[in-house]
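Coordinate inspection notes
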Amino acid sequence: LGRHFPLVLKSVSAMQASMIMLAFAPCVTPVAIRASLCFNTLYIPSVHRNFIGSMKRSWPKTRFALASKQNTNRKMLSKTIMCGESNLKSASLVYDGRHALHDDPSHPETSSRATKMWEALEETGLAQRCHKISGREATREELILAHTEEHIDLVNQGEALMDGSTYFTDGTPLAARVAAGCVLEMTRQVCIGQARNGMCVIRPPGHHARAPHAMGFCIFNNVAVAARNAQTLWSAKKVAIFDWDVHHGNGVQDIFYDDPTVLYVSIHRGGFEQSYFYPGTGTADKVGSGPGRGFTVNIPLQGDMGPVGDAAYRVAFERVVMPVMEAFGPDLVMVSAGFDAAAGDPLGGFGVSPRVFGDMTRRLKALAPDGRLVLALEGGYNVPVTAQCGVECVRALLGDNAAGGDEGA
């Protein structure tokens, strides 16, 4: 793993040292972490220290195991929902063919990404085992919780502000509203107890879209819009968003950067102190601001020397992502589920297997209170591989073992 990191210890920054120790040391004991904090040999943002400190009692029992008791917020949320039994025994899926109104066959972000994933879910029989949720358009009132009025109006008028990587067609406004609406409806049903968890097979993606403009193939920030509405309308006071797309979700980070009620954690390709990989954000020192300081956790992995593979994702996930998210105690867990870190993707170069995404989904499902977990498709540009990644995630949501063997770690 070390070849992907600047491991000349005498020259690395304090933040680099902390990330290396927390995520990539072969064995980091609670005692070692606490001792390092005491002697100030590591720099960890104050709120991250609080997260780690809050786990001291659970570490000796089972390292990074999920706590057996739910926190107060989870109990309060459980009391507010009416659970419908019919949809809670299976995972849910949402797919709306209107995504194809936004399409450019010459662009990496094509309609086949979602179409082929849906076909794979049907061919494997997984779709038939899931509760189907009907797609819908997001309303202006829903979108405005994460976007400016000007951006919403310009998109609807076909005149959106965007960077050079993003395309726009006559059908884009409707397709973008439907993508956001699908995630909204899935999130609503999960929050109010009509569904346990689910996968949103949607596009255009969303995690690069900022409040005032489109960016990076993304028009509306689908996950951010749903998270804000979950907090405002559906009693999810604390939302954790995990982004495993190979590109940093700068839009999600920006929208929640000063908010302590939303935890944003991202594993992505980039540098610790400066990133030359799109979108050029997500360095480890970006941890939030004001009351939100410490509630943004960036885990940049360097891919310049070849694929990082499964091991780096697994170790970072188990040693950083899960402990921080468990300590945060979310009412709802959402995933910006991009699959461009998968092996064979033309844009990612990380070489992660589809099984890893399924394994992470299993762990997150166990973390989420009552299994309240929503996955929303982001990137992934090798169409067959992206479809297989989606299949593995839905298998995990249904409680199946990984394809070809037992569940992974």
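Residues numbered from 1 in each chain as written. Predicted model: local features only at pLDDT ≥ 70, side-chain atom pairs only at ≥ 80, totals over all residues. Heavy atoms only, no water.

Considering the overall build of the chain
- Scanning the chain for helices and strands turns up 14 helices and 8 strands.
- For the chain, the proportion of its 409 residues judged to be buried stands at 59%.
- Taking contacts inside the chain between residues at least 6 apart in sequence as the whole, the part at least 24 apart equals 78%.
- When the accessible area of the chain is evaluated, it comes to approximately 15300 Å², of which 54% is carbon and sulfur surface. (Helix = DSSP H or I, 4+ residues; strand = E, 2+ residues; numbered from the N terminus. Buried < 20%, exposed > 50% of the residue type's maximum accessible area, 1.4 Å probe, protein only. Contact = heavy atoms within 4.5 Å. Areas by Shrake-Rupley, 256 points an atom, 1.4 Å probe, with all protein chains shown as cover.)

Things to note about the pairing of strand 6 (residues 296–301)
- For strand 6, the buried fraction is high: 6 of the 6 residues fall into the buried class.
- Side-chain alternation along strand 6 places Thr296, Asn298 and Pro300 on one buried face and Val297, Ile299 and Leu301 on a second face that is also buried.
- Taken together, the 6 bridges between strand 5 (residues 262–269) and strand 6 define a ladder with parallel strand orientation. By the bridge assignment, serine 266 is partnered in strand 6 with asparagine 298. (Pairing = 2+ DSSP bridges.)

Side note on the packing of aromatic side chains
- Tallied over the full model, the rule gives 10 aromatic pairs.
- The interplanar angle of 5 degrees and the centroid separation of 4.9 Å between the aromatic rings of tyrosine 95 and tryptophan 118 together place this pair among those described as stacked. Linking tyrosine 95 in strand 1 (residues 92–95) with tryptophan 118 in helix 5 (residues 112–123), this pair joins segments that are 23 residues apart in sequence.
- Classification of tryptophan 118 as buried rests on a relative accessible area of 13%.
- Aromatic side chains phenylalanine 217 and tyrosine 381 sit 5.6 Å apart centroid to centroid with 90 degrees between the ring planes, which places their arrangement in the edge-to-face category. In this pair, phenylalanine 217 is assigned in the loop between strand 3 (197–201) and helix 10 (222–233) and tyrosine 381 in the loop between strand 8 (373–377) and helix 14 (383–398), connecting sequence segments 164 residues apart. (Phe/Tyr/Trp six-rings, centres within 6.5 Å; stacked < 30°, edge-to-face > 60°.)

A closer look at the side chain of threonine 361
- With respect to the helices and strands, threonine 361 occurs in helix 13 (residues 354–367).
- In this structure threonine 361 comes out as buried when scored by relative accessible area, which is 0%.
- With sequence-adjacent residues up to four places away left out, threonine 361 is seen in contact with Trp244, Leu373, Leu375, Cys393, Ala396 and Leu397.

Observations concerning helix 12 (residues 309–328)
- Here helix 12 is 20 residues long and its end C-alpha atoms lie 28 Å apart, about the 28 Å a rise of 1.5 Å per residue gives.
- In the structure, helix 12 departs most strongly from a straight axis at phenylalanine 317, where the bend amounts to approximately 40 degrees.
- Within helix 12, 14 of the 20 residues are buried, which leaves it mostly tucked inside the rest of the structure.
- Glycine 329 lies just past helix 12 and shows a positive phi near 70 degrees. (Expected span 1.5 Å × (residues − 1). Bend = angle between axes of the 7 residues up to and from the residue.)

Some remarks on the packing of helix 12 against helix 13
- At a minimum axis distance of 11 Å, the contact between helix 12 and helix 13 shows a crossing angle of 15 degrees. It follows from the interaxial angle that helix 12 and helix 13 lie roughly parallel. Of the two elements, helix 12 crosses helix 13, and the hand of that crossing is right-handed. Judged by residue contacts, Asp310, Tyr313, Arg314, Phe317, Glu318, Met322, Met325 and Glu326 of helix 12 engage Arg355, Val356, Asp359, Met360, Arg363, Leu364 and Leu367 from helix 13.
- In terms of residue class, the contact of helix 12 with helix 13 is made up of 8 nonpolar, no polar and 7 charged. (Axes fitted to C-alpha atoms, helices over the stretch in contact; angles between N-to-C directions. Parallel < 35°, antiparallel > 145°, perpendicular 65-115°, else oblique. Left-handed = near helix turned anticlockwise from the far one by under 90°. Nonpolar A, V, L, I, M, F, W, Y, C, P; charged D, E, K, R; others polar.)

Details of the sheet that holds strand 4 (residues 239–243)
- The strand order 2-1-3-8-7-4-5-6 describes an open sheet built from 8 strands, whose pairing is parallel. In this open sheet, the two edge strands, each paired with only one partner strand, are strand 2 (131–133) and strand 6. For this sheet, the mean angle separating the axes of adjacent strands, direction not counted, is 15 degrees.
- Direction of pairing for strand 1 relative to strand 3: parallel, over a ladder of 4 bridges. Among the inter-strand pairings, serine 92 is bridged to a residue of strand 3, identified as glycine 198.
- Against the sheet, helix 10 engages strand 4, strand 5, strand 7 (332–337) and strand 8, with an angle of about 170 degrees to strand 7.

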